[in-house]
Amino acid sequence: MARAKAKRSTYRRSTATGRRAPGYPKLADKRKLSPWLIGAASIFIVVFIAFVGPTIGEAILNFRDALVRLLGLAVFLLVIGLSVNGLMAVGRRFTLSLTFWRRWSGAFLLSVSICGIMALFRPDWSVGDTSLSEATAGGDLGHFLMGSPGGILLWLGLTLIGIGLLWPRQVAWLIQHLPDLWRALVQMRLPEEVSTGLRTVGSVVLPKAEPQDSEAFPPLPEGWDEEPGSATPETAVQGELPIEEATVQEAEAREEDVSPKEPTAVATEAPVTGRPAAHGWELPLLEILQPPQEIDVKQVDNAARAQLIEETLASFGVDARVVQINQGPTITQFGIEPGWEVKTRTVIERDNRGRPVYDKDGSPKYKTDVVSRTRVRVSQITSLANDISLALAASSIRVEAPVPGKPVVGIEVPNSTSSLVTLRSVIESTAFQRIAARSKLALALGKGVSGEALAADLGRMPHLLIAGATGSGKSVCINSIIACLLMHNTPEDMRFVLVDPKRVELATFAPIPHLAFSRIVVDAEDVVGTLKAVLHEMESRYRRFAAVSVRNIEGYNRSPRAVHKMPYWVVIIDELADLMIAAPYHVERQICRLAQLARATGIHLIIATQRPSVDVVTGLIKANFPTRIAFAVSSQVDSRTILDGAGAEKLLGRGDMLYMPTDASKPKRLQGSFVSDQEIEQIVRFWTDDRFRHVRPEVADHLLQEAKGIPDAEEEEDPLLEQARELAEEHSRLSTSLLQRRLHIGYPRAARLIDQLEAEGVVDSAEGGQSRRVLKPREEEPLL
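None of the values given here were measured: they were computed from a predicted structure. (Residues numbered from 1 in each chain as written. Predicted model: local features only at pLDDT ≥ 70, side-chain atom pairs only at ≥ 80, totals over all residues. Heavy atoms only, no water.)

**Student:** Would you mind going over the overall build of the chain with me for this structure?
**Tutor:** What the chain contains, in helices and strands, is 30 helices and 21 strands. Within the chain, buried positions represent 38% of all 784 residues. In the chain, once contacts between residues fewer than 6 apart in sequence are set aside, the share between residues at least 24 apart is 63%. Surface summary for the chain: the accessible area is close to 45,700 Å², and the carbon and sulfur share equals 56%. (Helix = DSSP H or I, 4+ residues; strand = E, 2+ residues; numbered from the N terminus. Buried < 20%, exposed > 50% of the residue type's maximum accessible area, 1.4 Å probe, protein only. Contact = heavy atoms within 4.5 Å. Areas by Shrake-Rupley, 256 points an atom, 1.4 Å probe, with all protein chains shown as cover.)

**Student:** Explain the nonpolar core here, please?
**Tutor:** Where a protein is soluble and globular, its nonpolar side chains tend to be buried together. Counting residues in each nonpolar core, the largest one holds 65 residues, and the members touching the most others are Ile466, Ile482, Phe496, Leu498, Phe509 and Ile629. In terms of residue count, helix α19 (residues 474–488) provides more of this core than any other element does, 9 residues in total. Not counting residues up to four positions away in its chain, the partners in contact with Phe496 are Ile482, Leu485, Leu486, Ile512, His514, Leu515, Ala516, Val570 and Ile572. Judged by nonpolar contacts, the second largest core, of 38 residues, contains Val528, Leu531, Ile603 and Val616. (Core = buried A, V, L, I, M, F, W, Y, C linked by side-chain atoms within 4.5 Å.)

**Student:** What is the right way to look at the pairing of strand β17 (residues 627–630) in this model?
**Tutor:** The side chains of a regular strand alternate between the sheet's two faces. Alternating residues of β17 divide into Thr627 and Ile629 and Arg628 and Ala630, and every residue in both groups is buried. With 4 bridges connecting them, strand β13 (residues 464–467) and β17 associate as parallel partners. From the neighbouring strand, Ala467 faces β17, where its bridge partner is Ala630. In the sheet, β17 pairs with strand β18 (residues 656–660) via 3 bridges, with the strands oriented antiparallel. Among the inter-strand pairings, Ile629 is bridged to a residue of β18, identified as Tyr659. (Pairing = 2+ DSSP bridges.)

**Student:** Help me understand a nonpolar patch on the surface in this model?
**Tutor:** On the surface, a cluster of nonpolar side chains totalling about 390 Å² of accessible area is made up of Trp173, Leu174, Leu178 and Leu181. Tracing the backbone through its elements, the reader meets Leu178 in helix α9 (residues 178–188). A residue is classified by how much of its surface remains accessible, and Leu178, at 49% relative accessible area, is partly exposed. (Patch = residues over 30% accessible without salt bridge, like charges linked within 9 Å, V, L, I, M, F, W, Y side chains within 5 Å. Salt bridge = Lys/Arg side-chain N within 4 Å of Asp/Glu carboxyl O.)

**Student:** Whenever I open this one, the sheet that holds strand β9 (residues 398–400) confuses me. Can you help?
**Tutor:** Strand pairs in the sheet, formed through backbone hydrogen bonds, run parallel or antiparallel to each other. On the basis of which strands lie adjacent, the open sheet formed by 4 strands has the order β5-β6-β10-β9 and antiparallel pairing. The strands lining the two open edges of the sheet, one partner per strand, are β5 (320–327) and β9. If you compare each strand with its neighbour and ignore which way they point, the axes differ by 25° on average. (Axes fitted to C-alpha atoms, helices over the stretch in contact; angles between N-to-C directions.)

**Student:** I keep staring at the sheet that holds strand β11 (residues 442–448) and nothing clicks. Help me out?
**Tutor:** With mixed pairing, 9 strands are arranged side by side in an open sheet as β12-β11-β19-β18-β17-β13-β16-β15-β14. Each edge of the open sheet carries a strand with a single partner, namely β12 (453–457) and β14 (494–499). Adjacent strand axes in the sheet meet at a mean angle of 30°, parallel and antiparallel pairs treated alike. Contacts from helix α25 (residues 636–643) reach β13, β17 and β18, with the element oriented near 160° to β17.

**Student:** What am I meant to see in the packing of helix α28 (residues 721–730) against helix α30 (residues 747–759) here?
**Tutor:** Geometrically, a packed helix pair is captured by the angle between its two axes and the distance between the axes. For the pair α28 and α30, interaxial distance at closest approach is 10 Å and the crossing angle is 65°. Taken together, the axes of α28 and α30 lie roughly perpendicular to each other. Note on packing geometry: the crossing formed by α28 with α30 is right-handed. Contact residues: Leu721, Ala724 and Arg725 in α28; Leu753, Gln756 and Leu757 in α30. Split into classes, the residues belonging to the contact of α28 with α30 amount to 4 nonpolar, 1 polar and 1 charged. (Parallel < 35°, antiparallel > 145°, perpendicular 65-115°, else oblique. Left-handed = near helix turned anticlockwise from the far one by under 90°. Nonpolar A, V, L, I, M, F, W, Y, C, P; charged D, E, K, R; others polar.)

**Student:** Explain the packing of helix α6 (residues 139–146) against helix α7 (residues 149–166) to me, please; I cannot follow it from the model alone.
**Tutor:** For the pair α6 and α7, the least separation of the axes is 5 Å and the interaxial angle reads 105°. Comparing their axes, α7 and α6 come out roughly perpendicular. Residues Phe144, Leu145 and Met146 of α6 lie in contact with α7, whose contacting residues are Gly151, Ile152, Leu154 and Trp155. Per-class residue counts for the contact of α6 with α7 are 6 nonpolar, 1 polar and no charged.

**Student:** Can you help me understand the packing of aromatic side chains in this one?
**Tutor:** Centre-to-centre distance and the angle between the planes together describe a pair of aromatic rings. This structure, assessed with the given rule, holds 8 aromatic pairs. For the ring pair Phe517 and Trp569, a centre distance of 6.0 Å and an interplane angle of 85° mean the geometry is edge-to-face. In this pair, Phe517 is assigned in the loop between β14 and α20 (527–548) and Trp569 in strand β15 (residues 568–573), connecting sequence segments 52 residues apart. Neither Phe517 nor Trp569 differs from the other in exposure class; each is buried. With a centroid separation of 6.1 Å and an interplanar angle of 80°, the aromatic rings of Tyr542 and Phe545 are classed as edge-to-face. With a gap of 3 residues between them, Tyr542 and Phe545 both fall in helix α20, about one helical turn apart. For Phe545, a relative accessible area of 1% gives the class buried. Members of the aromatic cluster, joined through ring pairs, are Trp281, Phe686, Trp687 and Phe692. (Phe/Tyr/Trp six-rings, centres within 6.5 Å; stacked < 30°, edge-to-face > 60°.)

**Student:** What is the right way to look at the environment of Arg122 in this model?
**Tutor:** Position of Arg122 relative to the elements: it lies in the loop between α5 (98–118) and β1 (126–127). Classification of Arg122 by relative accessible area gives partly exposed; the value is 49%. Considered as a pair, Arg122 and Gly139 are 17 residues apart in the sequence and their alpha carbons are 9.7 Å apart.

See the structure below:
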């Protein structure tokens, strides 16, 4: 503030004495003065031509009319542009930079293109002495642009150049993504869809032709068969039919072809179209999943059960009332608000003087005074769980005290009839769509006790431990997770590593192109090598992150230095107990290392077991898997092993589960989403369609071979290695993208060829994701 006041005082003193203050621009400084002169001149030209000029002389008036005839209504754009330019220049709001001239040049070219558009109209208006009905609304300039093919091409070029000058970044982005947009338009199959829609509309609008006898035709007018170029009735019947009748008969023939005798078989074999995705892929439509089912809510039964709960508690001297009833797919939660425990005493009623008060019979009156009033303890309600279960004739009830976020005690009572929670109903919910908008690893888990859908992000878990007894719904939960991921991810976005020691639980997913390896791992002896291969992939990803200076997979996929997009890997192990029996030390050590380090690389673990004992779910594994799902177990000990607390032993089975997220202190009870075998088969059939055979990614079986310890010399040499050596001799630098283009192969194979050339000493090591320098040409073998 002091410095600003000093500058203002210096300016006043200098103006008073007639001297120039320090820092004020000189009049001879043309760089500072030229914008002001341009602005003043622009405003003067506008005011003079519009108002002052016509009153002075006829020459200015003729100039204005000629300008209107040249530009038409676009003359107002010229006036507005000059005015804005003048005001901005006088206010010193811009400098004469390259950006200024680029923007005004683009605006000028777009104004000229607007003249061409307005030239298509001839309104009955007059501007000054010029009639726009004689000249177009765009003036002679617009008529020149739209009056000939050459003018139209010139107008199109001016428009594109003007848009490019005004919005260069947007135009550059559009040009860069033009191939992807073109591929998306091609995949939408617009001509086929439009033709199919027109045929459908035509078959619905046109009346159905009734078979008629030859005698039913009306008599023909005289001379109809004698007119030149007309056909006789015999020709019309035996030759081509009229257009309307032919269209009707074609529509009927299509309906007969489309309507099969066995609709179920045809519907199964019909090809399923999907939602367009990037690089030639498509995503399945939600219509292949089972539609959601309505929950049958019986308010009368719930009200009766709520009254029965209150009466049971009152019979044991506990004051409480039911304030909430939440109906879910499998259970109903009754929210109980604890009442008050009141202690009283009976004393003789006295008047103001302290003397006893008597009734008409001469007996003293008594009154009841409240001694204390305290809340009913929660433990008094939870201790009566078995009594409430007996009163409701329920198999088992679960008491949640208190319900998180609510001032009530929850009593969960099984429903008489349970409803099915379909995978589609959870995917279509708002909770799932909110997570799917920001993450590709959204999981549709199920619905809570109030019927609300619950979804989770596998990327934030980041690993999941599932445990439950046989028949509790554990395998269905795994199938639901895999199906949900397949519905929203292409093989370029996500890959699976499936370990199924049972050999039958995950066999349905064997043909999908999402598998990272060529097969599902079923032998317990191969599991250690598989986990070692995943560890090698994790270390390789960390090296690539360091090369492009990023921290995680999200940053790598966004980095412009990344050559290819890196997919997520989801490792699913269906039965951990068998693996812990075969190789407990190696399996536990590798799983814990992956759980600790693999999150940033986009590798996530989902491990399931049906024997949640301490020798299977060890302390190290539990510590690295904070997100857990517990299905029905046989004992409270198993429940404490999974969740570190009781509750899973009271679950009902058949998808009833407790979900423990990382950010919650208590588990949430859910009814898991269900996916049928028919839905899984349809999803697998979609991904194994022939239209994806050209974009099917290559598998990473070389990681398994490296993990087994087979040296590279003993492996079979790639047939394209010799061609790769020849390319290295022809170029000074070599990259995987060059090998892909020249040899017509995928990225994994090209990367293996580069690694082999590096091992042979043909190319140098990687330098921050750039191409590699060829060290020396391969020496020819001497002739013998």
